[in-house]
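These are the residues of each chain, in order.
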Amino acid sequence: MADPKMTRIYIMGKAYDVPTGVTIMDAMEYAGYRFIRGAGCRSGFCGACGTVYRKAGEYRLEFALACQEMVQPGMQLAQLPFTPAPRAAYALGELNPDENVLLQYYPEIARCVACNTCTKSCPQDIEVMDYIQAALRGDLARVAELSFDCIQCGLCAMRCPADIKHYHVAQMARRLHGVSGSPIPAHLAARRAEIDSGAYDREIDELTALDHDALRARYAARQIEKDSEEERL
Amino acid sequence: MNQTRYFPGCSLKETARSFEMSALYVMERLGRPLVELDRWNCCGTVFSLTADDLMHHLASVRNLIRAQEAGAHELVALCAMCYNTLGRVGRRVSTDREALDKINAFMNSEADYDGRVGVRHLLQVLRDDVGWDRLAAAAECPLDGFAVAGYYGCTLLRPKDVAVDDPERPTVMTDAIEAVGATAVPFPFAGECCGSYQTVDRRDLSTERSYRVLRAARRAGADTIATACPLCQHNLEEARRELGERDGIGSLTIVYFTELLAAAFGIAPERLPEALAARLAARATAQGEER
């Protein structure tokens, strides 16, 4: 009888018994892997730890971030921490944000056959194919909106049969939309003026003058939520 | 409940915006407002002729699934190219069970397509559901003095099982135009090809093809050409600009058929293409002088 506290998984084809209920990333470290690359924030935000796996008895390949997905019995996995997908070089301020700009820099989006494989590979549950379709018709605002939660893990681009670099396309669209499609919030100018006027200089000067131990004590005693609540009030 | 689900297609959101705008205006005025299909994607552009190339039918099938999800029994296309692709894929998978099963299996976790959504072109809706009488009744500013050649090109007529009308002697477009007061000009090139995508890397070819269409329309006495396809519109207009001095084709006004209908329904001229608005203004001046 197998130990219920341990789970057998297969990392790149080799069997390991790892503690039940840990994340893929923790399991790999438990098995002896040491991450130089392919690990970042460990909180599901940075997109560095893209991982592909198949569960026992499943024909379908699944996708996750190693720091977020729990190991399951019989899981076969490998990390895909990087996608070789060159990003187009452009000067944002010099671009004409018309309906053809994305096609011009990423012409392969016209190869989309709407197979939806990209959407199924997204660990963020983004409607990737829908935003590529919006990109095709030059709808920058829609691309920006649909792709907002993208963390650039690149799994979509790795799976695409049309060789589209979805996440780069989306990033370009969000940048263009930010520059030309969305209003500049008034409070941003106010905050910049506040900073320029030196409103925070005293505090930062005080912090930079502290020695290591004093800084550490201040860090441990910080009250992020409470302070920000008070500031809002 | 009298809602018609329509498929705009990519071009109508880019270069052919006034095709969509005028169609929406016309249908609103006729009391049959068009409702844009939710979450549509590119139709696939060209129907794949390779029998086992089901991958290239996915795009169209997915749109038909969106219509099915919306509870619509049919999808109405405005762009002739989209109409052709959606219509042919729809027919293929509704009659070829094996192909449909394969496509549904590929999409696995997504909703299956049941093969039951019909595809029609707006011209068919105008003819079969609205009728020419209602079109005529809505024409507050009839297009007297316009001699219009209806240009169908390939995709509204071929292959014949998706033809919107008799593929050899189509009249549906000019019937619509005549209903709103213009004179229809029959011409022998109504179903000839404009050169299509050859414009991308063999522009000389598409210009030559389009020139022949324009020349034939001009010789038949037309001063206006009505189109239903953004690519045809583009190619004909390019040929008109490039070879305008030949055979008087430069004087032709080339517009979407919906723009002519909208003009007849009295849409504000600033919403129409400049060339058409100018024609309407000139006509109004001439009529003023007669009185």
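Residues numbered from 1 in each chain as written. Chains lettered and ligands numbered in written order. Predicted model: local features only at pLDDT ≥ 70, side-chain atom pairs only at ≥ 80, totals over all residues.

### Notes on the pairing of strand β8 (residues 253-256) of chain B
Residue and element names in this part refer to chain B. Cut-off, in case you're wondering: Field definition: a residue is buried when 20 or more other C-beta atoms are found within 10 Å of its C-beta, exposed when 12 or fewer are, and partly exposed for counts in between, with C-beta atoms placed from the backbone. Numbering of helices and strands runs from the N terminus, with a helix taken as a DSSP run of H or I at least four residues long and a strand as a DSSP run of E at least two residues long. Whether two strands pair depends on DSSP finding at least two bridges between them. By convention, a crossover is right-handed whenever its connection, traced from the first strand over the helix to the second and viewed with the strands pointing away, goes clockwise.
Taking every second residue as pointing to the same face, both faces of β8 are buried, with T253 and V255 on one and I254 and Y256 on the other. As judged from the 4 bridges shared by strand β7 (residues 224-227) and β8, these two strands associate in the parallel manner. For I225, the partnering residue across the bridge sits in β8 and is I254. Handedness of the crossover is the feature at issue here: the chain leaves β7, passes through helix α10 (residues 230-242), returns alongside β8, and the resulting connection is right-handed.

### Focus on the packing of helix α5 (residues 122-130) of chain B against helix α7 (residues 172-179) of chain B
When two helices pack together, their arrangement is given by the angle between the helix axes and the distance between those axes. Residue and element names in this part refer to chain B. Defined as follows: To define axes, lines are fitted to C-alpha atoms, for helices over the stretch in contact only, and angles between the resulting N-to-C directions are given on a 0 to 180 degree scale. These descriptions rest on fixed angle ranges, namely under 35 degrees for roughly parallel, over 145 for roughly antiparallel, 65 to 115 for roughly perpendicular, and the rest for oblique. Here is the rule for handedness: rotate from the far helix to the near one, and if that takes an anticlockwise turn smaller than a right angle the crossing is left-handed, while a clockwise turn gives right-handed. Here the contact rule is simple: place C-beta atoms from the backbone, and any two residues whose C-beta atoms are within 7 Å are in contact.
Their axes nearest at 10 Å, the elements α5 and α7 cross at an angle of 60°. It follows from the interaxial angle that α5 and α7 lie oblique. The chirality of how α5 crosses α7 is left-handed. Along the contact surface, α5 presents L123, L126 and R127, while α7 presents V172, M173, D175 and A176.

### What to know about α10 of chain B
Quick reminder of the rule: Expected span of a helix, by definition, is 1.5 Å for each gap between consecutive residues, and there is one gap fewer than residues.
Given a rise of 1.5 Å per residue, 13 residues ought to cover 18 Å, and the 18 Å separating the end C-alpha atoms of α10 of chain B matches this to within 8%. Residues of α10 of chain B that are buried include every one of P230, L231, C232, Q233, H234, N235, L236, A239 and R240 of chain B, and no others.

### A word on the sheet that holds strand β1 (residues 6-11) of chain A
Residue and element names in this part refer to chain A. The mixed open sheet is built from 5 strands, whose spatial order is β2-β1-β5-β3-β4. The outermost strands of the open sheet, each flanked by one partner alone, are β2 (14-19) and β4 (62-65). Across the sheet, the mean angle separating the axes of adjacent strands is 35° when strand polarity is ignored. The pairing of β1 with β2 spans 6 bridges and is antiparallel. Looking at β2, one finds that Y10 is bridged to A15.

### A look at the pairing of strand β1 (residues 4-7) of chain B
All names here are of chain B. As paired elements, β1 and strand β2 (residues 34-36) share 3 bridges and run parallel to each other. Among the inter-strand pairings, T4 is bridged to a residue of β2, identified as L34. As for the winding sense of the linkage, the β-α-β connection from β1 through helix α1 (residues 17-29) to β2 is right-handed. With 2 bridges joining them, β1 and strand β3 (residues 74-77) adopt parallel strand pairing. Residue pairing for β3: F7 is matched across the bridge by A77.

### Brief notes about the domain arrangement of chain B
One widely used convention gives an interface's size as the accessible area the parts lose upon coming together. All names here are of chain B. As a reminder of what qualifies: The source of the domain bounds is an automatic or database domain assignment. Charged residues are taken to be Asp, Glu, Lys and Arg, nonpolar residues to be Ala, Val, Leu, Ile, Met, Phe, Trp, Tyr, Cys and Pro, and polar residues to be all remaining types, Gly included.
For chain B, the assigned domains read domain 1 (4-122) and domain 2 (140-290). Contact residues are listed per partner, giving 20 residues for domain 1 and 21 residues for domain 2. Of all the secondary-structure elements, those providing two or more residues to the side of domain 1 that touches domain 2 are α1 and α3 (80-95). Broken down by element, the side of domain 1 that touches domain 2 gets its largest block of residues, 8 residues, from α1. Residues of the side of domain 1 that touches domain 2, tallied by class, amount to 10 nonpolar, 7 polar and 3 charged.

### A look at unusual backbone geometry
The omega torsion across R158 of chain B and P159 of chain B is -10°, close enough to zero to call that bond cis. Mapped onto the fold, P159 of chain B is located in the loop between β5 (147-150) and α7. Residue R42 of chain A is not a glycine yet carries a positive backbone phi of 60°. A count of 17 C-beta atoms within 10 Å places R42 of chain A in the partly exposed class. A positive phi is found at N108 of chain B, a non-glycine position, where the angle reads about 25°. Counting through the fold element by element, N108 of chain B comes out in the loop between α4 (97-106) and β4 (118-121).

### Some thoughts on the confidence of the model for chain B
Put simply, the rule reads: Think of pLDDT as the predictor's per-residue confidence, scored from 0 to 100.
When the pLDDT values of chain B are averaged, the result is 96; 99% of them are 70 or greater. On the interface metric, ipTM, the complex scores 0.91, and its pTM is 0.89.

### What about the packing of α1 of chain B against helix α11 (residues 257-264) of chain B?
Residues and elements named next belong to chain B. At a minimum axis separation of 8 Å, α1 and α11 run at an interaxial angle of 45°. Relative to α11, the element α1 lies oblique. With respect to the hand of their crossing, α1 and α11 are arranged in left-handed fashion. Where α1 abuts α11, its residues S18, F19, S22, A23, Y25 and V26 lie against T258, E259, L261 and A262. Its residues placed into classes, the contact of α1 with α11 shows 6 nonpolar, 3 polar and 1 charged.

### Section: the environment of R283 of chain B
All names here are of chain B. Considering the arrangement of structural elements, one finds R283 in helix α12 (residues 274-290). Residue classification places R283 among the partly exposed residues on the basis of 15 C-beta atoms within 10 Å. C-alpha separation for the pair R283 and G145, spaced 138 residues apart in sequence, amounts to 8.1 Å.

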